[in-house]
Amino acid sequence: MNNPVLSLVLSRLLIAVVTLLIVSFAVFFATTLLPGDTATILLGQAATPEAVAGLRAAMHLDEPALLRFLRWIVGLLHGDLGTSYANEMPVADLIAGRFINTLKLAGVTALFSVPIALTLGITAAMLRGSLYDRIVTVLTIGVISVPEFMVATSAVLIFAVYLKWLPALSFANEIHTVSEMLRVYAMPVITLTFVVSAQMIRMTRAAVIETLNTPYVEMALLKGASRSRIVFRHALPNALGPIVNAVALSLSYLLGGVIIVETIFNYPGIAKLMVDAVATRDLPLIQSCAMIFCVGYLFLITAADIIAILSNPRLR
Amino acid sequence: MTMTTSSTSTSPSRKSGTRSGYRFNIVGMIGLAIILFWALIAIFAPVIIPYPVGEIVDVDYFGPLSREFWFGSDYLGRDMFSRILMGARYTVGISLAAVTIACFSGVVLGMIAAVAGGWLDTLLSRFLDALNSIPGKLFGLVVVAAVGSSIPVLILTLSVIYIPGSYRFARALAVNINAMDFITVARIRGENTFYLIRSEILPNIAGPVLADLGLRFVFIVLLLSGLSFLGLGVQPPYADWGALVRENIGGLPFGAPAVMFPSLAIASLTISVNLLIDNLPQKIRDRSE
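Residues numbered from 1 in each chain as written. Chains lettered and ligands numbered in written order. Predicted model: local features only at pLDDT ≥ 70, side-chain atom pairs only at ≥ 80, totals over all residues. Heavy atoms only, no water.

A word on the overall build of chain B. Within chain B, the secondary structure is distributed over 9 helices and 0 strands. The proportion of buried residues among the 289 residues of chain B is 48%. When the accessible surface of chain B is split by element, carbon and sulfur atoms take 68% of a total near 13800 Å². (Helix = DSSP H or I, 4+ residues; strand = E, 2+ residues; numbered from the N terminus. Buried < 20%, exposed > 50% of the residue type's maximum accessible area, 1.4 Å probe, protein only. Areas by Shrake-Rupley, 256 points an atom, 1.4 Å probe, with all protein chains shown as cover.)

So this is what it looks like as C-alpha cells:
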C-alpha cells in the first residue's frame, strides 16, 4: 500500500541529491572561470614569481580543476568552508552569525505572510468574480510585476517619508530595546511579506479554484449544500496538499527577495554578505553563500514536491 | 467551467460576458500602446532627450519636478527625464535580446527533445531541471562575480537563466502535439526531424509560445533591474532603469522623484506586458466562439 508513495518520495530525494551535485559543480566552475590568476590578484602586481608560485601551491591552485572541486566538496561535507580571501578569516565564522540573522528575517516574514496569504487566497477563490476577488487579483498582479526594490522603496516612502512612523534606511547593528528591534525588522519584514504573500495568494487562489472546479464539488452544489459547506467540507480538505505545496513554493521567493531587501535596508544577513563578497571578489565566501542559498532553494522545492506526492490520495 | 453558478454571481458574469470582448480589447490595447511607446522611446531616445545624459544641468541635486526638468534631477543634478529615456534603451534592448535568445534556444531544444524522445530527452530535461534549481538572482550574482559585468555577459546570463523554463514549456506543448495523428502520418511519409519541428509542431505551438515569451520578458526585465539595482548589471556611465534607482537611492529619505520615476517606468512596462498577455487569449477565444 505504502510502497508507491515511498518509492516516489525516495526518487524525488535522489533527484534532489543529484541536482545538488550538478548545482555545486556549476557554482564551483562559475566562480573559477575568473579571468586572471587568483594568487596574482591576492599578492598584487608587484609580487615575485616565486611568491606567486608558493601561494599557488599552498592554495592547491596548481592542481587540476576537477581535483580542486572534489577537495572543495569534501571540505564542505566536513564543515570546512575555506578561508576568506579578503580578511583571512574562516568562512564558517563569517557566515554563522549572518546566517542566523537571515533565518530570523525569513522566519518572521513567513510567520506574517502565511496566514495573511492563505486567508486572502482562499476567500478570493470562494468569492471568485466578485469585486473583492478582482481587487485582490489586481493587487497581487501589481506586486508580482514590479521589482522587489520598488516594493521596498514604496514602503520606505509610505511609512518613513510620509507617515514618519519608521526610520528610512539607517539601521543600528546593536539592538538594545524591543522598540529598536521592531524598528530594525519592520521595514524588511513588510517588504518581504508583500513580495512573498503576492505569490502565495496567487498560487493558493489557483489551487482552491482548481478544486472548486471538480465534479464532486459540483455534485455537492447540486445536492444543495451551502457555499461555506462546499468550501470547508468538500473543497478545502482536498485542496490542502496543493495549498501547502503553494506555500512551500512561494517561500522560495524569499531567497530572491532577501538579496534585495538586505542590500537596500543594510540588514546584516547572509545575502548582504554575499553581495559585498561579489564586490571584493572573495571567491570562497561567494561559493559558500551560493551553496547555502541553493541548498535552501532546493530544500523548499523538494519539500513542495514531496508534500504534493504525500497529499495525493490516489497514491495511498 | 463556471463554478460560481449561485444566483448572486450570474448577473455580473452575464454583464461582463456581453461586454468583455470590447472591454478586454481596450485593456489589451492600452498595454500594447504602452509597450509600443517604450519601444519607440528606446529607438529614438538620442534624438528626443532634452539634455545630454551625462551633463550636470541643474544647480540643485535631487531637484523637484519643474518645467525645465520634467522628472526632476538626479544626485548630481543631471536631468532625470533624459536619463530615463536613454535608460529605456538598455532595459528594453538587453531584455529583448535575452528573451529572444532564451526562447529561441528553449523552444528549439524543447521541440527536438519532444520529437526525438529517448535518452536525448531524458538527458536534456534532467540537466535543464538542475539548472532551473539555481535561483536566478543568485546565478547572476555568481556569474558577475566570476567574469565581471558587461552587456554581452548580461544578455547571455539572463538568457541562460530562462532557457530551462522556456524549454519545459515548449516541450510540454510539443509532446502533446507529437502524439497527434498528423505527426504519425508525417513520420510514415518519411519526413525528417527538422521538417516535423518546423512545419508540423511549430505552427501549432506558436501562440502559447509567444505568450510565454512575453511573460519571460517580464521576468527578465525584473531580474535585470534587480541585478542593476545591486550594482551588478549595467555599469556606469551607462544606466538602465534599475541602475538609475541605485544611483539615486540616497534621495529616498527625502522622497526625491529621481528614485520613484525609474521604478514607475519599469512597472509601466512590466504591467502592460502582463495586461496584453492576459487579454490576448481572451480576445482570441471570444472571436472563435
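Don't stop here, the text continues.
As a further point, take the overall build of chain A. Helix and strand content of chain A: 13 helices and 0 strands. Starting at the N terminus and walking to the C terminus, you meet the elements of chain A as α-α-α-α-α-α-α-α-α-α-α-α-α. Scored against the burial criterion, the 316 residues of chain A give a buried share of 45%. Within chain A, residue pairs in contact and separated by at least 24 positions form 70% of the contacts whose partners lie at least 6 positions apart. Element-wise, carbon and sulfur atoms account for 69% of the exposed surface of chain A, whose accessible area totals about 15700 Å². (Contact = heavy atoms within 4.5 Å.)

Let us look at the nonpolar core. Judged by nonpolar contacts, the single largest core of 150 residues is most densely connected at Ile259, Met274 and Phe293 of chain A together with Trp241 of chain B. Look past the residues within four positions of Phe293 of chain A in its chain and what remains in contact with it is Leu255, Val258, Ile259, Ile270, Ala271 and Met274 of chain A together with Leu138 of chain B. Of all hydrophobic cores here, the second largest spans 14 residues; its members include Met111, Ala114, Val115 and Ile197 of chain B. (Core = buried A, V, L, I, M, F, W, Y, C linked by side-chain atoms within 4.5 Å.)

Glancing now at the interface of chain A and chain B. Every contact between the two is made by 50 residues of chain A and, on the other side, 44 residues of chain B. Between chain A and chain B the total buried area reaches about 3900 Å² when both faces are included, carbon and sulfur atoms providing 78% of it. Here Lys137 of chain B makes a salt bridge to Glu148 of chain A, at a shortest N to O gap of 3.0 Å. Inspection of the chain A/chain B interface yields 3 residue pairs in polar contact (both at pLDDT 80 or more). Where the side of chain A that touches chain B is concerned, the elements lending two or more residues are helix 1 (3–32), helix 6 (131–144), helix 7 (148–162), helix 9 (215–222), helix 11 (253–264), helix 12 (270–280) and helix 13 (283–310) of chain A. Residue composition of the side of chain A that touches chain B, by class: 37 nonpolar, 8 polar and 5 charged. (Buried area = accessible area lost by both parts, 1.4 Å probe. Salt bridge = Lys/Arg side-chain N within 4 Å of Asp/Glu carboxyl O. Polar contact = N/O pair within 3.5 Å; in protein donor to acceptor, adjacent residues only side chain to side chain. Nonpolar A, V, L, I, M, F, W, Y, C, P; charged D, E, K, R; others polar.)

Bringing the confidence of the model for chain B into the picture now. Residues and elements named next belong to chain B. Looking at chain B, pLDDT values average 80 and 88% of them are 70 or higher. Taken element by element, the predicted model of chain B shows its lowest mean pLDDT in helix 1 (residues 7–48) (67) and its highest in helix 2 (residues 80–116) (90). Scored below 50 in pLDDT, residues 1–22 shows 17 contacts in the model against residues more than four places distant or in partner chains. Every residue in residues 283–289 scores below 50 in pLDDT, and together they form 3 contacts with partners more than four places removed in sequence or on other chains. Across the whole predicted complex the pTM is 0.83, and at the interface the ipTM reaches 0.81. (pLDDT = per-residue confidence, 0-100.)

Moving on: the packing of helix 2 of chain B against helix 3 (residues 118–132) of chain B. Residue and element names in this part refer to chain B. One way to put it is that helix 2 packs onto helix 3 with a least axis distance of 7 Å and a crossing angle of 140°. Looking at the two axes, helix 2 sits oblique to helix 3. Judged by the twist between their axes, the crossing of helix 2 over helix 3 is left-handed. Across the interface between the two elements, Leu109, Ile112, Ala113 and Ala116 of helix 2 pack against Gly118, Leu120, Asp121 and Leu124 of helix 3. (Axes fitted to C-alpha atoms, helices over the stretch in contact; angles between N-to-C directions. Parallel < 35°, antiparallel > 145°, perpendicular 65-115°, else oblique. Left-handed = near helix turned anticlockwise from the far one by under 90°.)

Moving on, we get to the state of the cysteines. All names here are of chain A. Across all of its chains, the model carries 0 disulfides over all chains by this definition. As a non-bridged cysteine, Cys289 has Cys294 as the owner of its nearest cysteine sulfur, 11 Å distant. Among the residues examined, Cys289 registers a relative accessible area of 0% and is labelled buried. (Disulfide = S-S within 2.5 Å.)

It is worth spelling out empty space enclosed by the protein at this point. Applying the stated criterion across every chain yields a total of 1 cavity of 30 Å³ or more. Counted as a void, the largest cavity has a volume near 50 Å³. The wall of the largest cavity is formed by Ala26, Val27, Ala30, Ala290 and Cys294 of chain A together with Ile134, Leu138, Phe139 and Val142 of chain B. A class-by-class count of the residues in the lining of the largest cavity yields 9 nonpolar, no polar and no charged. (1 Å grid on protein atoms, 1.4 Å probe; cavity = no way out; pocket = protein on both sides within 12 Å on 5 of 7 lines; lining within 4 Å. Points joined across faces, edges and corners; volume = space filled by probe spheres on them.)

Another point: helix 4 (residues 136–147) of chain B. All names here are of chain B. In this model, helix 4 (12 residues) spans 16 Å end to end at C-alpha, consistent with the 16 Å of a helix rising 1.5 Å per residue. Counting buried residues along helix 4, 10 of its 12 residues qualify, which places the element largely inside the surrounding structure. Buried residues of helix 4: Lys137, Leu138, Phe139, Gly140, Leu141, Val142, Val143, Val144, Ala145 and Ala146, and no others. (Expected span 1.5 Å × (residues − 1).)

Below, the discussion takes up the packing of aromatic side chains. Residue and element names in this part refer to chain B. Under the criterion given, the structure shown has 5 aromatic pairs over all chains. Between Tyr90 and Tyr238 the ring centres are 5.7 Å apart and the planes differ by 40°, which places this aromatic pair in the tilted class. Taken together, the residues span a long stretch of sequence, with Tyr90 in helix 2 and Tyr238 in the loop between helix 7 (193–229) and helix 8 (241–247) at a distance of 148 residues. The structure contains a cluster of three or more aromatic residues connected by ring pairs, namely Phe37, Trp38 and Trp241. (Phe/Tyr/Trp six-rings, centres within 6.5 Å; stacked < 30°, edge-to-face > 60°.)

Bringing the confidence of the model for chain A into the picture now. The predicted model of chain A has a mean per-residue pLDDT of 80, with 87% of residues at 70 or higher. Element-level pLDDT for chain A is lowest in helix 2 (residues 38–43) of chain A, with a mean of 64, against a maximum mean of 89 in helix 6 of chain A.

Residues and elements named next belong to chain B. Relative to the assigned elements, Ile161 resides in helix 5 (residues 151–178). For the pair Ile161 and Ile220, spaced 59 residues apart in sequence, the C-alpha separation works out to 9.0 Å. If near-sequence neighbours (up to four positions away) are discounted, Ile161 is found in contact with Gly136, Phe139, Gly140 and Leu223.

Now for the pattern of salt bridges. It is possible for side chains bearing opposite charge to pair when their charged atoms get close. Residues and elements named next belong to chain B. Under the criterion given, the structure shown has 12 salt bridges over all chains. Note that Arg83 and Glu247 form a salt bridge whose closest N and O atoms lie 3.1 Å from each other. A residue pair is termed long-range when its members are at least 10 positions apart, and Arg83 in helix 2 and Glu247 in helix 8 qualify at 164 residues. Asp129 is the partner of Arg126 in a salt bridge, and the nearest nitrogen-oxygen pair spans 3.8 Å. Linking Arg126 with Asp129, this pair stays in helix 3, spanning 3 residues, or about one helical turn. Overall, Asp129 belongs to the partly exposed group, its relative accessible area being 23%.

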